[in-house]
Amino acid sequence: MTEILNISDNKYYESIKRAAEIIKNGGTVVFPTETVYGLGANAYSEDACKKIFEAKKRPADNPLIVTVSNFEMVNNVCYIDKDIEEKMKKIWPSPLTLLLKKKDVIPDIVTSGMDTVCVRFPDNKIALDLIEAAGVPVAAPSANIATKPSIVDSKDAIKELDGRVDAIIDAGRVKFGVESTILDVTKKPYSLLRPGAYSVEDIEAVFGQIYISPVAEGYKESSIALTPGMKYRHYAPSKKLFLIENEEEFREFISSHRSREFLVLCSADNAKYAKFDKIVLGKNAVEAAHNLFYDFRILDQSDKKYGVIQAFPEKGIGFGLMNRIRKASFLIIKDKENIDKINEVLNES
Ligand code: TXA
Ligand code: MG
């Protein structure tokens, strides 16, 4: 049975205490972070972490992020040189996850046998209070079942995970809506493993220029996986999603009769061009990031067979947003020449 923990004012501490107790006893708890919901267990316990893989149906070769609530915990789980230590103090807590050399206390199951560990110090009161109360670092991947979009609302956590975990903290919507940015600081040049809620501009202000592989844009043709997780299908709704990157072309498509078969996912500015059913993602990349995974689930529950989505400017969180949109898309239309590919897909199905 899954306990649903209420965090309204008079229940807050009782619920945090209960969730911490479950973690201490080797159980699993779904909790909010500022990015997406996580599915956590005691990072020091192999048996507890095994339950994460089972609950999420996650392949064993896809390692977990270790989530901490203070700098002492950081020191307990990984090796840090002076330079990185100073930078950590500047950036944390925040949605920037760092890849570091792991210490032996972290069992192999967490890192899929690698000698590195992803460490995350989230900027979310509930997450921090929970980890602090548990007194141990918490291994926590995104809470979604593997291959599904990440979970940004506790309603979706309950729908997807009721019966699969010991408890779910019912805390509503999260702040950012896309996962943390991951930066590898084990070697120079530091390199971006996954774009996300923490912008490249903000990283470079502290770490100097970093290496950004073209893979980070999210186009699928790239065969190199920067993190083990990348080789798996991610973030995608189960309905086929079409991305039209050229704005003019996107407007033309959504104002055409053909768009009747689609649920249109667009910005507030483009909503007026949509002739049939649409969802407004927001007026800019920040709002679109906040709503993207939530709206993917609406698309999946709708009676539409397809979705069509626009591109957003790739500055700030927009870079992580476009990585998620591209990875979720069944087909990406980059320019005018290949828009007919949409027809080919429709004719096939
Ligand atoms: O915002 C977030 O980071 C959320 C919240 C819940 O904290 N968590 C999250 O975890 O997105 P997850 O497991 O869905 O994504 C972590 C990614 C995976 O692609 C995984 O392969 C990669 O980090 N990763 C974890 N440990 C790694 C390691 N030692 N080396 C390389 N990549 C690693
Ligand atoms: Mg994930």
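That block above? That's the structure.
Residues numbered from 1 in each chain as written. Chains lettered and ligands numbered in written order. Predicted model: local features only at pLDDT ≥ 70, side-chain atom pairs only at ≥ 80, totals over all residues. Heavy atoms only, no water.

### A word on the packing of aromatic side chains
To describe a pair of aromatic rings, you give the distance between the ring centres and the angle between the ring planes.
Consideration 1: For the structure shown, the criterion picks out 11 aromatic pairs.
Consideration 2: For the pair F242 and F262, a centre-to-centre distance of 5.5 Å together with 70 degrees between the ring planes defines the contact as edge-to-face. One end of the pair, F242, is in strand β13 (residues 240–244); the other, F262, is in strand β14 (residues 262–267), with 20 residues separating them in the sequence. The two residues F242 and F262 agree in class, both being buried. (Phe/Tyr/Trp six-rings, centres within 6.5 Å; stacked < 30°, edge-to-face > 60°. Helix = DSSP H or I, 4+ residues; strand = E, 2+ residues; numbered from the N terminus. Buried < 20%, exposed > 50% of the residue type's maximum accessible area, 1.4 Å probe, protein only.)

### Concerning the pairing of β13
Consideration 1: Most of β13 sits inside the fold, with 4 of its 5 residues counted as buried.
Consideration 2: Examined bridge by bridge, β13 and strand β16 (residues 306–310) share 5 bridges and lie parallel to one another. Within the sheet, the bridge partner assigned to I244 lies in β16 and is Q310. (Pairing = 2+ DSSP bridges.)

### As for a negative patch on the surface
Consideration 1: Among the surface-exposed residues, E46, D47, D104 and D108 lie close enough to one another that they form a single negatively charged patch.
Consideration 2: Within the secondary structure, D104 is located in the loop between β6 (96–102) and α5 (108–111).
Consideration 3: Exposure remark for D104: the relative accessible area of 72% places this residue in the exposed category. (Patch = residues over 30% accessible without salt bridge, like charges linked within 9 Å, V, L, I, M, F, W, Y side chains within 5 Å. Areas by Shrake-Rupley, 256 points an atom, 1.4 Å probe, with all protein chains shown as cover. Salt bridge = Lys/Arg side-chain N within 4 Å of Asp/Glu carboxyl O. Lys, Arg positive; Asp, Glu negative; His and termini not counted. Charge placed at Lys NZ, Arg CZ, Asp CG, Glu CD.)

### Brief notes about the pattern of salt bridges
Consideration 1: Here the structure, examined in full by the defined rule, presents 18 salt bridges.
Consideration 2: Its salt-bridge partner being K82, residue E85 comes within 3.6 Å of it at the nearest N-O pair. Remark: K82 and E85 occur in helix α4 (residues 82–91); sequence separation between them is 3 residues, near one turn of the helix.
Consideration 3: K82 gets classed as exposed once you look at its relative accessible area, which sits at 62%.
Consideration 4: The shortest N-O distance in the salt bridge between K89 and E85 comes to 3.6 Å. Placement of the pair is K89 and E85 together in helix α4, with a separation of 4 residues, close to one helical turn.
Consideration 5: Classification of E85 by relative accessible area gives partly exposed; the value is 23%.

### Structural notes on the sheet that holds β16
Consideration 1: The parallel open sheet is built from 5 strands, whose spatial order is β15-β14-β16-β13-β17. Taken across any chain shown, the strands that pair with only one partner, and hence form the sheet edges, are β15 (278–282) and β17 (331–333). Strand after strand, the sheet turns through a mean of 20 degrees between neighbouring axes, direction not considered.
Consideration 2: Relative to the sheet, helix α9 (residues 247–254) contacts β13, β14, β16 and β17, its axis offset from that of β16 by approximately 145 degrees. (Axes fitted to C-alpha atoms, helices over the stretch in contact; angles between N-to-C directions. Contact = heavy atoms within 4.5 Å.)

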